[in-house]
Amino acid sequence: MDINEILRYMGCPPEQAAPQTRTLAEQAAVQMEQTARPRSVFREFGLSITGDGVLLESGLLLPGRDLAQHLAGCDRAVLLAVTLSAQADALIRRAESRDMAQALALDCAAAALVEEVCDRLEADIFAKYPGCYFPFRFSPGYGDLPLSVQSGLLTLLDAPRKIGLCANENHILTPRKSVTALIGISREPVDRAVRSCQSCPGREGCQYRKSGGHCGAS
């Protein structure tokens, strides 16, 4: 794992990290790598843009303006789900009962790891579509895409059975260190406007921006 990524999630610019903070992040990385059991699943869908949002060929409507704008020019999308599994959540919970600093570092290590797993899966997906172009992945909760679509997305992927990933009554993923997202597929080059911080609907809560960095999408 990239320790600098963990430090950014902890809200600490890597170049300003005190030695003890970096050591805490390094220890958390080792623990999380030894404990997490990453699993993933993905599936391609055709899509159409409607006045109400994005309609997948399965019949599931993903409402809102932001995703529709983000996927403009795409006629297909890959829906993916990634989880670090229940072991990662349990490790963090145990730390919370005895050392909150360690728990924070583990939580941030898990956040960095699940993003790394997503990045690797994304690279594998890109390789399956030579000559195509892709806006960055877009998750429920970004912009005006509601979290309430989580259950529908998980059902389409058969994620509860395949990777043990579910959503609770509040539409929160369980295990908690998990991600669902869509990646649009376009036959034409993607405008840089949909690969920049300024256009990203997740920019206000972005941990990278808070620590003075960026996710690399731009």
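How each quantity is defined
- Sequence order sets the numbering: in each chain, residues are counted from 1 along the sequence as written.
- The predicted nature of this model means local features are confined to residues of pLDDT at least 70 and side-chain atom pairs, given and counted, to a pLDDT of 80 or more, with totals for whole chains, interfaces and linings taken over all residues.
- Side-chain measures here rest on the full set of heavy atoms in the structure, leaving out hydrogens and waters.
- Numbering goes from the N terminus for both helices and strands, where a helix is a DSSP run of H or I of at least four residues and a strand is a run of E of at least two.
- Working definition: with a 1.4 Å probe on protein chains only, accessible area under 20% of the residue-type maximum means buried, over 50% means exposed, and in between means partly exposed.
- In this description, contact between two residues means that some pair of their heavy atoms is separated by no more than 4.5 Å.
- Using a 1.4 Å probe, accessible areas were evaluated by the Shrake-Rupley method; residue-level cover was limited to the displayed protein chains.
- In this analysis, axes come from line fits to C-alpha atoms, helices being fitted only over the stretch in contact, and the angle between any two N-to-C directions falls in the range 0 to 180 degrees.
- Roughly parallel means an angle under 35 degrees; roughly antiparallel, over 145; roughly perpendicular, 65 to 115; everything else is oblique.
- Here a crossing is called left-handed whenever its near helix is offset anticlockwise from the far helix by less than a right angle, and right-handed whenever the offset is clockwise.
- Directions drawn from the helix axis to the C-beta atoms are what define this arc.
- Note on pairing: two strands pair once DSSP finds at least 2 bridges between them.
- Between the rings of Phe, Tyr and Trp (Trp by its six-membered ring), a pair exists once the centres lie within 6.5 Å; its type follows the angle of the planes, with under 30 degrees stacked, over 60 edge-to-face, and the other angles tilted.

Asker: Lay out the overall build of the chain in plain terms, naming residues and giving numbers.
Answerer: Along the backbone of the chain there are eight helices and seven strands. Relative to its full complement of 218 residues, the chain shows a buried share of 46%. In the chain, of all internal contacts separated by at least 6 residues, the share reaching a separation of at least 24 is 70%. Accessible surface, the chain: about 10,700 Å² in total, of which carbon and sulfur atoms supply 49%.

Asker: Before we move on, could you go through the packing of helix α2 (residues 19-35) against helix α4 (residues 86-96) and cite the residues and values that matter?
Answerer: Helix packing geometry: the angle between the two helix axes and the distance between the axes. For the pair α2 and α4, the least separation of the axes is 9 Å and the interaxial angle reads 140°. Taken together, the axes of α2 and α4 are oblique relative to one another. In the crossing of α2 with α4, the sense of the turn from one axis to the other is right-handed. Taking contact as the criterion, the partners of Gln-31, Met-32 and Thr-35 in α2 are, on α4, Gln-87, Ala-88, Leu-91 and Ile-92.

Asker: Run through helix α6 (residues 150-157), naming residues and quoting values.
Answerer: All of the buried residues in α6 are Gln-150, Leu-153, Leu-154, Leu-156 and Leu-157. Burial along α6 is one-sided: seen end-on, the buried residues are contained in an arc of 160°. Asp-158 sits one or two positions beyond α6 and adopts a positive phi of about 55°.

Asker: An account of the sheet that holds strand β2 (residues 53-56) is requested, with residue identities and associated values reported.
Answerer: Pairing within the open sheet is antiparallel, and its five strands lie in the order β3-β2-β1-β4-β7. Single-partner strands in this sheet number two, and they are β3 (61-63) and β7 (178-186). Within this sheet the neighbouring strands show an average axis-to-axis angle of 30°, counted without direction. With four bridges connecting them, strand β1 (residues 39-50) and β2 associate as antiparallel partners.

Asker: So what's going on with the packing of aromatic side chains? Residues and values would help.
Answerer: Summed over the entire model, instances satisfying the criterion amount to three aromatic pairs. Pairing Phe-126 with Phe-134 gives two aromatic rings, centres 4.1 Å apart and planes at 15°, and the pair type is stacked. Clustering of aromatic rings is evident, with ring pairs tying together Phe-126, Tyr-129 and Phe-134.

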